Amino acid sequence: DAKTTQPTSMDCAEGRAANLPCNHSTISGNEYVYWYRQIHSQGPQYIIHGLKNNETNEMASLIITEDRKSSTLILPHATLRDTAVYYCIVRVQSYQKVTFGTGTKLQVIP
Amino acid sequence: ETGVTQTPRHLVMGMTNKKSLKCEQHLGHNAMYWYKQSAKKPLELMFVYNFKEQTENNSVPSRFSPECPNSSHLFLHLHTLQPEDSALYLCASSQDTSGAYNEQFFGPGTRLTVL
């Protein structure tokens, strides 16, 4: 699986959009971009994933650059409950070898 | 509520004890996983089961023994653990390997402390 690079931490004001970047310059053509988050003392929670096209669901939007070397997770209106560590993962469809990095600790500030 | 439950949520055990962690998924998935999350470290994949067959053992010491009696249940049997095994143990499940939607659904974890 390709390696990802994320900022260690970010702050976001409550009600504003949170934009979390992820670099995956070595991504291969059959690897998807997945985002999970982990709220303190809970298990990770799946957010969204995509291959080439931008994706949106009820939780977030995923913007993938045309060259697929980076992506951005957007939480359109951050709330205090969105404070968590966000993990960007790139992997093939196979269920094995899902490698979580250290993620970005997002702090939503009142 | 993700549809994956784990019991117990907290466990304190001595190094000579034998205990088991239980995971149950109500999602109709066929793949189940054990992860370990130590303080300030990334999640580490321990074991993978697909259709009750173990398909991945990520160099885990033998004092951790997994068991998957059916696709809905996964156990992690613990014996003669060390204090450094204290961690959050997470169970997850997903569909099998066919298709693109293999996102993993995690349980809340068992916080294990080894004295």
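Residues numbered from 1 in each chain as written. Chains lettered and ligands numbered in written order. Predicted model: local features only at pLDDT ≥ 70, side-chain atom pairs only at ≥ 80, totals over all residues. Heavy atoms only, no water.

Student: Just give me the short version of the pairing of strand E2 (residues 10–13) of chain B, but keep the residues and values in it.
Tutor: Residues and elements named next belong to chain B. The alternating pattern of E2 places Leu-11 and Met-13 on a buried face and His-10 and Val-12 on a face that is not buried. Sheet analysis places E2 next to strand E11 (residues 110–114), joined by four bridges and oriented parallel. From the neighbouring strand, Val-12 faces E11, where its bridge partner is Thr-113. (Buried < 20%, exposed > 50% of the residue type's maximum accessible area, 1.4 Å probe, protein only. Helix = DSSP H or I, 4+ residues; strand = E, 2+ residues; numbered from the N terminus. Pairing = 2+ DSSP bridges.)

Student: Any details on the state of the cysteines? Residues and values, ideally.
Tutor: Tallied over the full model, the rule gives two disulfides over all chains. In this model, Cys22(A) is linked to Cys88(A) through a disulfide, with the two sulfur atoms separated by 2.1 Å. The sign of the -80 degrees torsion about the S-S bond sets the Cys22(A)-Cys88(A) disulfide as left-handed. Of the two residues, Cys22(A) sits in strand E2 (residues 18–23) while Cys88(A) sits in strand E8 (residues 84–91), which places them 66 residues apart along the sequence. You can call Cys22(A) buried: its relative accessible area is 1%. Overall, the relative accessible area of 1% leaves Cys88(A) in the buried class. Note on cysteine connectivity: Cys23(B) is disulfide-linked to Cys91(B), with sulfurs 1.9 Å apart. (Disulfide = S-S within 2.5 Å.)

Student: Outline the packing of aromatic side chains, listing residues and values.
Tutor: All names here are of chain A. Counted according to the given criterion, the structure contains seven aromatic pairs over all chains. Ring centres of Tyr-36 and Tyr-46 lie 5.8 Å apart, and the angle between their planes is 75 degrees; this geometry places the pair in the edge-to-face category. Residue Tyr-36 is located in strand E3 (residues 32–38), and its partner Tyr-46 is located in strand E4 (residues 45–50); the two are separated by 10 residues in the primary sequence. Here Tyr-36 falls in the buried class, since its relative accessible area comes to 1%. (Phe/Tyr/Trp six-rings, centres within 6.5 Å; stacked < 30°, edge-to-face > 60°.)

Student: Break down the side chain of Ser71(A) for me, with residues and values.
Tutor: Residue and element names in this part refer to chain A. If you trace the backbone, Ser-71 turns up in strand E7 (residues 70–75). Relative accessible area serves as the criterion here: at 3%, Ser-71 is assigned to the buried category. A polar contact of 2.9 Å, which involves the side chain of Ser-71, links it to the side chain of His-24. Here Ser-71 is in contact with Leu-20, Pro-21, Cys-22, His-24, Val-33, Trp-35, Leu-62, Ile-63, Ile-64 and Cys-88, once residues within four sequence places are set aside. (Polar contact = N/O pair within 3.5 Å; in protein donor to acceptor, adjacent residues only side chain to side chain. Contact = heavy atoms within 4.5 Å.)

Student: Before we move on, can you summarise the layout of surface pockets with the specific residues and values?
Tutor: Taken as a whole, the largest pocket spans an internal volume of roughly 550 Å³. Of all the secondary structure elements, the ones that give two or more residues to the lining of the largest pocket are E8 and strand E9 (104–109) of chain A. (1 Å grid on protein atoms, 1.4 Å probe; cavity = no way out; pocket = protein on both sides within 12 Å on 5 of 7 lines; lining within 4 Å. Points joined across faces, edges and corners; volume = space filled by probe spheres on them.)

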